Amino acid sequence: SSALGKKLPVVGKLIGNYYQGLEKRLVRSSDEVILISEDFLPLMGEWDIAQEKIHIIPNWAPVDQIKPQPHDNPWAKNAGLADTFNFLYTGILGLKHDPTIFIQLAEHFRNDQDVRVVVVSKGDRFEWLDLEVERRGLKNLVLLEFQPPEVYPQVLGAGDVLVSVINEDAGVYSVPSKVLSYLCAERPILLSLPSENAAAKIVREAGAGLTSSPNDLPGFLHKARRLYEDGELRYNSGKSGRAYAEAKFDIKEINRQFEDIISDRKNA
């Protein structure tokens with residue numbers, strides 16, 4: 001609701017409050033409540049949700065479908081990205097995302113001829129980026145619309161560093177699922193996210209990359225430079241991320257947890 005309030009003063013706040021109220025009513029009327037993170041527990045307390053109804057099953061990504069791909073894969077070659085060092089973002093750009101960070105990242109690496117900042121997305125903010133690229137002459141900022149699902153692993157494979165960003169306002173309640181896919185791709189991750197966000201916690205726990213606050217642009221750029229210059233850090237972060245995904249995203253175990261919750265409910 002805070003993001004809507006900034007975009008649509010007064011009306012946006014009212015719309016946000018309405019949908020938050022609707023969500024609250026739906027959760028209260030549910031037989032069981034499955035959370036993707038312990039970070040949501042305080043909110044459940046505020047909404048007076050009984051503890052015995054609450055279960056935590058973190059989100060996951062299809063680790064068997066998103067397998068590590070070589071950097072110079074067919075998609076990368078076709079996109080002209082097989083021989084460059086690529087900071088890659090893929091996903092929607094909405095109210096929770098500040099696209100200016102990609103401008104700043106490209107400006108920072110403007111004099112590094114081998115570096116590209118690649119944004120695979122669509123929408124109003126993507127179109128704004130396109131205009132800024134032309135206005136600023138940022139030839140190292142590459143904009144591509146969403147790619148077919150079957151080449152998605154190759155898209156991630158083309159990235160030397162995979163990037164995700166979320167505004168400070170999003171806090172703990174917006175967990176970018178793309179980060180879970182990034183872990184599967186065996187690539188280092190660079191985040192500009194609130195430190196309490198579940199995705200930032202996962203990346204730190206997994207040792208899968210570097211994180212910074214949305215309010216710390218110098219820190220974000222410093223960590224981007226560090227990943228660019230330190231091949232060993234990139235390799236180890238990628239390997240650690242993939243190992244975390246293989247350990248945590250076992251679909252058979254995840255299915256079992258859901259089945260247990262359903263079975264317990266039927267037998268109650």
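All of the points below concern the structure found in this document.

Calculation notes
Residues numbered from 1 in each chain as written. Predicted model: local features only at pLDDT ≥ 70, side-chain atom pairs only at ≥ 80, totals over all residues. Heavy atoms only, no water. Helix = DSSP H or I, 4+ residues; strand = E, 2+ residues; numbered from the N terminus. Core = buried A, V, L, I, M, F, W, Y, C linked by side-chain atoms within 4.5 Å. Buried < 20%, exposed > 50% of the residue type's maximum accessible area, 1.4 Å probe, protein only. Contact = heavy atoms within 4.5 Å. Polar contact = N/O pair within 3.5 Å; in protein donor to acceptor, adjacent residues only side chain to side chain. Patch = residues over 30% accessible without salt bridge, like charges linked within 9 Å, V, L, I, M, F, W, Y side chains within 5 Å. Areas by Shrake-Rupley, 256 points an atom, 1.4 Å probe, with all protein chains shown as cover. Salt bridge = Lys/Arg side-chain N within 4 Å of Asp/Glu carboxyl O. Lys, Arg positive; Asp, Glu negative; His and termini not counted. Charge placed at Lys NZ, Arg CZ, Asp CG, Glu CD.

When you line up the elements, Ala 247 lands in helix 11 (residues 231–248). For the pair Ala 247 and Val 63, spaced 184 residues apart in sequence, the C-alpha separation works out to 9.8 Å.

The subject of this paragraph is the nonpolar core. Among the nonpolar cores identified, the biggest contains 65 residues, and Phe 87, Phe 102, Val 119, Leu 141, Leu 183, Leu 190 and Phe 249 are the most heavily contacted of them. Setting aside its immediate chain neighbours within four residues, Leu 141 contacts Phe 102, Ile 103, Ala 106, Val 117, Val 119, Leu 129 and Val 133. If you look at the next biggest cluster of nonpolar residues, it comprises 9 residues, including Val 27, Val 33, Leu 35 and Ile 54.

Let's shift gears to helix 9 (residues 198–206). Along helix 9, the residues classified as buried are Ala 198, Ala 199, Ala 200, Ile 202, Val 203 and Ala 206. The elements touched by buried residues of helix 9 are helix 8 (178–184), strand 7 (189–192), strand 8 (209–212) and helix 11. Of the residues flanking the start of helix 9, the one acting as N-cap is Asn 197, its side-chain oxygen 2.9 Å from the backbone nitrogen of Ala 199. Of the residues one or two after helix 9, Gly 207 is the one with positive phi, at around 65°.

This paragraph deals with a negative patch on the surface. Taken together, the side chains of Asp 124, Glu 127, Asp 130, Glu 134 and Glu 145 make up a negatively charged region of the molecular surface. Summarising the element assignment, Asp 124 is placed in helix 6 (residues 124–136).

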